[in-house]
Amino acid sequence: MFWVLLLLLAWAAAGTSCTRLCLAAVRAAAVDAEAARGHDLTLYEAAFLSGGPARVADLTLVSMARQRRLLLAHTGWATVVDPRGRDEMERSVIGAIGPEGQSRIAPVRATTAAAESVRGLADRLVAAGLAVPDGARTTVAGAVRQVQAAAAAVVALGAAALLLPAQTTGNAVPVAVWFTLPLVLTLSCLAIARIEVHPYTRWASPAGQRLLGTLARHTDDAADDRRYLTSVAVRGIRAIGEPDLRAAFTHRDRSTKGQ
C-alpha cells in the first residue's frame with residue numbers, strides 16, 4: 001500500500017498550490033477594486049502606466065515643446081526657452097538639460113526617466129495598486145507556476161505508483177483513477193485562473209489598465225491640447241502629429257541605437 005503515501009503527497013501538493021492561487025486571486029481582486037474606485041488619472045500617471053518612466057519623460061518634453069517653453073530641434077537637440085518649470089517633472093527636464101540650456105534629447109530623456117520625481121510617481125501608483133511593483137510583477141503569477149508544478153508532480157507520483165508491483169485497491173479501483181482526482185483539481189484551477197485572473201502588463205496592474213481604458217474613452221470629450229497629450233501619454237511618440245517634432249524624437253532614437 002505504498003501507493004497511498006504517494007497519493008497523499010499528490011493531494012498535499014495539489015491542495016496547497018490551489019489554495020495559494022485562490023487566496024492570491026482574492027487579494028488581487030480586492031486591491032484592484034479598491035484602487036480603481038474614485039481615482040482620476042493625471043497625464044503623468046497615464047504615461048507611466050502605459051510606458052513607464054521613459055514615457056513620462058517623453059510626455060513632459062512634448063508638453064513643454066507645445067507650450068513653446070522648450071525647443072526640440074529635428075536634429076535631436078533640446079533648448080530651454082522658459083527656465084521655470086511648472087511642476088516637478090518639468091523641473092527635472094530643465095535640470096537634466098543643464099545650466100547651458102541646451103542638450104541632446106537622448107541624455108535628457110534618460111536622466112528625466114531616472115529622476116526622483118518619476119520614482120515618486122511610480123511609488124504612489126504602486127501604493128495605490130495601479131502599477132506593478134518592481135521585481136514582483138504579481139503573486140498570482142507565482143501561484144499559477146506553483147499549481148503547474150503541482151500538476152507535474154501529481155503526474156510523476158502517479159507514474160511512480162503505477163510502477164510499484166501489485167498496485168490494486170480493495171475496491172478493485174485502478175490506482176491511476178485515484179491520482180486523476182488531484183490532477184483534475186490542479187488543471188481546473190489553472191483553467192479558471194486563465195479565464196478569471198486578469199493579466200498584468202509591465203507597468204499597469206489590472207486596476208490601472210481599467211483606468212487607462214476609461215481615460216481613452218473620455219479623450220474625445222477633452223480639449224484639443226488635452227486630447228493630444230493624452231494620446232502621447234497612452235500611445236507614445238508615434239502619436240505625435242507635427243513632422244518637425246516627430247523628427248526630433250526619431251533622430252534621438254537613431255542616435256541612441258548607434259551608441
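You'll find the structure just up there.
This write-up is about the structure you can find in this document. The shown structure was predicted, so the numbers you read here are calculated from the model rather than taken from an experiment.

## Considering the pairing of strand β2 (residues 77–80)
Side chains Ala78 and Val80 of β2 all project onto a buried face; the interleaved residues Trp77 and Thr79 project onto a face where none is buried. Where strand β1 (residues 70–72) meets β2, 3 bridges bridge the pair, whose relative direction is antiparallel. Looking at the pairing, Leu70 lines up with Val80 of β2. Connecting the antiparallel pair β1 and β2 is a turn made up of 4 residues, with Gly76 showing a positive phi of about 95°. When β2 meets strand β3 (residues 102–104), the two strands line up antiparallel, connected through 3 bridges.

## Structural notes on the nonpolar core
Formed by 45 residues in total, the largest nonpolar core has its most connected members in Phe48, Leu49 and Leu72. No other element matches the 12 residues that helix α2 (residues 43–66) contributes to this core. Core analysis: the next-biggest nonpolar cluster, separate from the first, contains 10 residues, Trp3, Leu6, Ala10 and Ala14 among them.

## Let's talk about the packing of aromatic side chains
Counting across every chain of the model gives 1 aromatic pair. Measuring from ring centre to ring centre gives 5.5 Å for Phe48 and Trp203, while their planes differ by 65°; the resulting arrangement is edge-to-face. Of this pair, Phe48 sits in helix α2 while Trp203 sits in the loop between α7 (175–196) and α8 (206–218), placing them 155 residues apart in sequence. Assigned by exposure class, Phe48 and Trp203 land together as buried.

## Digging into unusual backbone geometry
Apart from glycine, the bulk of residues carry a negative phi angle, and the bulk of peptide bonds sit in the trans form. In this structure, Arg68 takes a positive phi of about 60° despite not being glycine. Note on placement: Arg68 falls in the loop between α2 and β1. Assessed through its relative accessible area of 60%, Arg68 is described here as exposed.

## Considering the state of the cysteines
All told, the structure shown has 0 disulfides when counted by the stated rule. Of all cysteine sulfurs in the structure, the one in Cys189 sits closest to Cys18, which takes part in no disulfide; the separation is 3.2 Å. Owing to a relative accessible area of 5%, Cys18 belongs among the buried residues under this scheme. Judged by its relative accessible area of 14%, Cys189 is buried.

Reading the values: rules and limits
- Residues numbered from 1 in each chain as written.
- Predicted model: local features only at pLDDT ≥ 70, side-chain atom pairs only at ≥ 80, totals over all residues.
- Heavy atoms only, no water.
- Buried < 20%, exposed > 50% of the residue type's maximum accessible area, 1.4 Å probe, protein only.
- Helix = DSSP H or I, 4+ residues; strand = E, 2+ residues; numbered from the N terminus.
- Pairing = 2+ DSSP bridges.
- Core = buried A, V, L, I, M, F, W, Y, C linked by side-chain atoms within 4.5 Å.
- Phe/Tyr/Trp six-rings, centres within 6.5 Å; stacked < 30°, edge-to-face > 60°.
- Disulfide = S-S within 2.5 Å.

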